[in-house]
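Fold and contact review
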Amino acid sequence: MKGLLVKDFKLMKVQKNFYFLLIAIFIVFEILNYDVSFAIGFVNFATSMFTLSTISYDEFDNGSAFLFTLPISRKSYVAEKYVLALLLSLGSWAITVLLAIVLTKSQVSETLVPAVIIFIAVLVLQAVMLPIQIKFGGEKGRIALIAVVSLLALVCIGIGKLLEMLGVDIFTALDHLPSVSTGVLLIIAAAVVAVILLISMQISISIMNKKEF
């Protein structure tokens, strides 16, 4: 797996200017007093695309056929992509949170709570995107991803409309839930995300095992 990680980081080195541009945009957002959550979310969601780009690079010009002549298994290839996604997400998240605290001089708790929610959302998005990218590849993968995200958005809107018709206020309902400490909520969220990622990885491994190069 170490060799695959080195390969992908070398591939991403070609795109380093794009990442520097993202950081520059983030700093401008903070200087102009844009919402911190929006700025952190923008950079982290954009960074999540880097993992998908490495899969496209691997498949370019039938490169996957050559890659699997090397002593690597399909399972380790998929696992490496999830490790890479986690490293990139955690790295960009840490950098943007640190910059947000320094630039806005805000309380750590004020920045950390929305930032953690964004980090969880990015990981869930990765769990959705990676199997799609592995299954369909570059162009078809983007179309499939747009279709899936659009479907999820429609489902969320539909649920919201249904609750509105039934006269259910979700925020009021949440206020009446038993109070739970932030630490417990974070542990529960981390466990749920870990399960989602593991399920996603198993799906990706199954897809990869069925692919022919």
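Figured I'd write up the structure that's included with this text. Remember, predicted model here, so these are calculated numbers, not experimental data.

Another point: a nonpolar patch on the surface. The grouping of Val184, Leu185, Ile188, Val192 and Ile196 at the surface amounts to a nonpolar patch, some 400 Å² of accessible area in total. Along the chain, leucine 185 falls in helix H10 (residues 182–210). The partly exposed category is assigned to leucine 185, whose relative accessible area is 48%.

Turning our eyes to something else, we now look at the side chain of asparagine 44. Structurally, asparagine 44 is set in helix H3 (residues 36–47). Asparagine 44 sits in the buried class, given a relative accessible area of 2%. At 2.6 Å, the side chain of asparagine 44 and the backbone oxygen of isoleucine 40 are in polar contact. At 3.1 Å, the side chain of asparagine 44 forms a polar contact with the backbone nitrogen of tryptophan 93.

Okay, the packing of helix H4 (residues 49–59) against helix H6 (residues 74–104) next. Put simply, H4 and H6 touch, their axes get as near as 9 Å, and they point 145 degrees apart. For the pair H4 and H6, contact is made by Phe50, Thr51, Thr54, Ile55 and Asp58 and by Tyr77, Lys81, Leu84, Ala85 and Leu88, respectively. Tallied by class, the residues present in the contact of H4 with H6 amount to six nonpolar, two polar and two charged.

The final tally for this structure, using the stated rule, is one aromatic pair. With 5.5 Å between their ring centres and 45 degrees between their planes, tryptophan 93 and phenylalanine 119 make a pair best called tilted. Placement of the pair is tryptophan 93 in helix H6 and phenylalanine 119 in helix H7 (residues 108–136), with a sequence separation of 26 residues. For tryptophan 93, a relative accessible area of 15% translates into the label buried. With relative accessibility at 16%, the residue phenylalanine 119 sits in the buried group.

Basis of the calculations
- Residues numbered from 1 in each chain as written.
- Predicted model: local features only at pLDDT ≥ 70, side-chain atom pairs only at ≥ 80, totals over all residues.
- Heavy atoms only, no water.
- Patch = residues over 30% accessible without salt bridge, like charges linked within 9 Å, V, L, I, M, F, W, Y side chains within 5 Å.
- Areas by Shrake-Rupley, 256 points an atom, 1.4 Å probe, with all protein chains shown as cover.
- Salt bridge = Lys/Arg side-chain N within 4 Å of Asp/Glu carboxyl O.
- Helix = DSSP H or I, 4+ residues; strand = E, 2+ residues; numbered from the N terminus.
- Buried < 20%, exposed > 50% of the residue type's maximum accessible area, 1.4 Å probe, protein only.
- Polar contact = N/O pair within 3.5 Å; in protein donor to acceptor, adjacent residues only side chain to side chain.
- Axes fitted to C-alpha atoms, helices over the stretch in contact; angles between N-to-C directions.
- Contact = heavy atoms within 4.5 Å.
- Nonpolar A, V, L, I, M, F, W, Y, C, P; charged D, E, K, R; others polar.
- Phe/Tyr/Trp six-rings, centres within 6.5 Å; stacked < 30°, edge-to-face > 60°.

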